[in-house]
Amino acid sequence: MLEKMGRNLPCWCGSGKKYKNCHAAFDSRVREFREQGYEVPSRKLIKNGEQIQKIRESSRINMAVLDAVTREIGEGMPCSRINEIVNDVTYSMGGIPAPLHYEGYPYSVCTSVNEEVCHGFPDRDTVLRSGDIVNVDVSTILDGFYSDSSRMFLIGEVSEEKQKLVRVCRECVDRGLEQVRPWGFLGDMGQAVHDHALKNGMSVVSTIGGHGCGLEFHEDPYVSYVSRRGTGMLMVPGMIFTIEPMVNLGGPEVTVDAENGWEVRTRDGLPSAQWEIMVLVTEEGHEVLTW
Ligand code: MF3
Ligand code: CO
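First, a word on what this report is: a plain description of the structure on this page. (Residues numbered from 1 in each chain as written. Chains lettered and ligands numbered in written order. Predicted model: local features only at pLDDT ≥ 70, side-chain atom pairs only at ≥ 80, totals over all residues. Heavy atoms only, no water.)

### Let's talk about the packing of helix H5 (residues 160-178) against helix H6 (residues 186-199)
To keep things clear, this is the line we draw: Between the N-to-C directions of two axes lies an angle of 0 to 180 degrees, each axis being a line fitted to C-alpha atoms and, for a helix, fitted only over the stretch in contact. Under the DSSP-based scheme used, a helix requires at least four consecutive residues in state H or I and a strand at least two consecutive residues in state E, with every element numbered from the N terminus. For this classification, under 35 degrees means roughly parallel, over 145 means roughly antiparallel, 65 to 115 means roughly perpendicular, and everything else is oblique. Here is the rule for handedness: rotate from the far helix to the near one, and if that takes an anticlockwise turn smaller than a right angle the crossing is left-handed, while a clockwise turn gives right-handed. The criterion used for residue contact is that any of the two residues' heavy atoms lie within 4.5 Å.
Orientation of H5 relative to H6, taken along the N-to-C sense of each, is 150°, at an axis distance of 8 Å. The angle between the axes of H5 and H6 places the two elements in the roughly antiparallel class. Viewed along their axes, H5 and H6 form a crossing whose handedness is right-handed. Where H5 abuts H6, its residues Val-168, Glu-171, Cys-172, Arg-175 and Gly-176 lie against Met-189, Ala-192, Val-193, His-196, Ala-197 and Lys-199.

Here it is as structure tokens:
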């Protein structure tokens, strides 16, 4: 009744359009899923066109930062240099590195080497050596809008099995991405990621996942990569989340550094890889915002 009466009023999404010409049909479709017991996104997770444009601009900085790292990273480089590159490029483009001071995190980027799973500190005494694989995880704030993505880098001569880990992890992201479409479920994506890792004899970390992103660094939903098809939150146009599986060569168990409370490592000491992209669900399918 209320919604009917408001059909000529501005839509809740902030587009400025009349509700009946904007999210009215969307709302009834979401309501049907909710009534059938499915998990559906709250309105604050749905971005309007203007917000998406700002998030695209933030993403552009995030990718430029990773491109700069790509050009310079190599053998003999201390991870502290990666932190400098992130600061230089981000600030020069008008952004702010999102990790810095985030829940007390002491650096502007995470650099996770070999058995480090995520949240590795880019400190001076972590020097990249031939044979290392390293994840560089960059997140940017531009005018209050967030972006987040990470890439893997191979340093010097890397073993076949580590190369395969990095490649399979990237393929997991691609398999997951193929499943991102409106009115599907997050579990469609999660299962595609997981299946591909298992098929290759690898495991996926289940205790740390991805997240919604854009208006905040970490928004709902929590995004699992060990979920099952047809389960989890309904994907709808305007939703933005990350695909960032952590794939391990050995078992999926991880431990958190007892001293600093941040750095996550595999329990068996075997290498781990992660790629992260940020994806927007569109009317037609999806758009990758940052990679
Ligand atoms: N960038 C990470 C992610 O993908 C989060 C890092 S939290 C930080 O979600 F504090 F370590 F930056
Ligand atoms: Co993330």
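What follows picks up the thread again.
### Digging into the sheet that holds strand E10 (residues 246-248)
Rules: In this analysis, strands are considered paired if DSSP registers two or more bridges between them.
Strand order across the open sheet formed by three strands is E6-E10-E13, with antiparallel pairing between neighbours. Edge positions in the open sheet fall to strand E6 (203-204) and strand E13 (272-274), since each of these has one partner strand only. Where E10 and E13 come together, three bridges link them in antiparallel fashion. Paired with Val-247 across the two strands is Ala-273, which belongs to E13. Seen against the sheet, H5 touches E10 and E13 and runs at an angle of roughly 35° to E13.

### Describing the packing of aromatic side chains
Selection criterion: Any two of the Phe, Tyr and Trp rings considered here, Trp counted by its six-membered ring, make a pair once their centres fall within 6.5 Å; the pair's planes then place it as stacked at under 30 degrees, edge-to-face at over 60, or tilted in between. Categorising residues by exposure relies on relative accessible area from a 1.4 Å probe, with only protein chains included: less than 20% of the type maximum marks a residue as buried, more than 50% marks it as exposed, and the intermediate range marks it as partly exposed. The criterion for a charge sitting over a ring is simple: Lys NZ or Arg CZ within 6 Å of the ring centre, and within 35 degrees of the ring normal.
One pass over the structure, following the stated rule, counts 12 aromatic pairs. Between Tyr-105 and Tyr-107, the ring centres sit 6.3 Å apart and the planes meet at 65°, which makes this aromatic pair edge-to-face. Taking the centre distance of 4.9 Å and the plane angle of 80° together, the rings of Tyr-105 and Trp-262 count as edge-to-face. Here Tyr-105, found in the loop between strand E1 (96-97) and strand E2 (110-113), pairs with Trp-262, found in the loop between strand E11 (254-256) and strand E12 (264-266); they are 157 residues apart in sequence, far enough to count as distant. Neither Tyr-105 nor Trp-262 differs from the other in exposure class; each is buried. Counting every residue linked through ring pairs, the aromatic cluster contains Trp-12, Phe-26, Phe-33, Tyr-38, Trp-183 and Phe-185. We note Arg-170 situated over the ring of Trp-275; from NZ or CZ to the ring centre the distance is 5.4 Å.

### Observations concerning the packing of helix H3 (residues 49-72) against helix H4 (residues 79-92)
Quick note on the threshold: The nonpolar class holds Ala, Val, Leu, Ile, Met, Phe, Trp, Tyr, Cys and Pro. Asp, Glu, Lys and Arg form the charged class, and all remaining residues, Gly among them, are polar.
Across the interface, H3 lies against H4 with an axial gap of 9 Å and an inter-helix angle of 140°. Considered as vectors, H3 and H4 are oriented oblique to each other. In this structure, H3 crosses over H4, and the sense of that crossing is right-handed. Across the interface between the two elements, Ile-61, Ala-64, Val-65, Ala-68, Val-69 and Glu-72 from H3 touch Arg-81, Ile-82, Ile-85, Val-86, Val-89 and Thr-90 from H4. In terms of residue class, the contact of H3 with H4 is built from nine nonpolar, one polar and two charged.

### What to know about the site of ligand 1
How we decide: The criterion for a residue being near a molecule or strand is simple. One of its heavy atoms has to lie within 4 Å of it. N or O atoms within 3.5 Å of each other form a polar contact, as long as, within protein, one can give a hydrogen and the other can take it, and as long as residues adjacent in sequence are counted only when both atoms are side-chain atoms. Every accessible area reported is derived by Shrake-Rupley at a probe size of 1.4 Å, with residue values counting cover from the shown protein chains alone.
Around ligand 1, 14 residues are found, and the nearest of them are Asp-137, His-211, His-218, Glu-244 and Glu-276. A distance of 3.0 Å separates a nitrogen atom of ligand 1 from a polar side-chain atom of Asp-137. The side chain of Asp-148 places a nitrogen or oxygen atom 3.1 Å from an oxygen atom of ligand 1. Protein contacts shield 96% of the accessible area of ligand 1, which totals 340 Å² for the unbound molecule. Here the residues of the shell around ligand 1 sort into six nonpolar, four polar and four charged.

### Let's talk about the coordination of the cobalt ion (ligand 2)
Rules: Only nitrogen, oxygen and sulfur atoms count as donors, using a 2.8 Å cut-off from the metal that widens to 3.2 Å for Na, K and Ca. Water is left out, so coordination shells may look unfilled. Just to be clear on the cut-offs, tetrahedral is four donors with all angles between 85 and 135 degrees, square planar is four donors and octahedral six with opposite donors over 155 degrees apart and all others between 65 and 115, and anything else goes down as irregular.
Bound to the cobalt ion (ligand 2) are the protein donor atoms Asp-148 (OD), His-211 (NE2), Glu-244 (OE) and Glu-276 (OE), situated 2.1 to 2.3 Å from the metal. Bound by six donor atoms, the cobalt ion (ligand 2) shows angles of 53 to 159° at the metal and therefore irregular coordination geometry. Linear spacing of the donor residues for the cobalt ion (ligand 2) on their chain is D-x62-H-x32-E-x31-E. With His-211 in strand E7 (residues 210-212) and Glu-244 in the loop between strand E9 (240-243) and E10, this pair connects stretches of sequence that are 33 residues apart.

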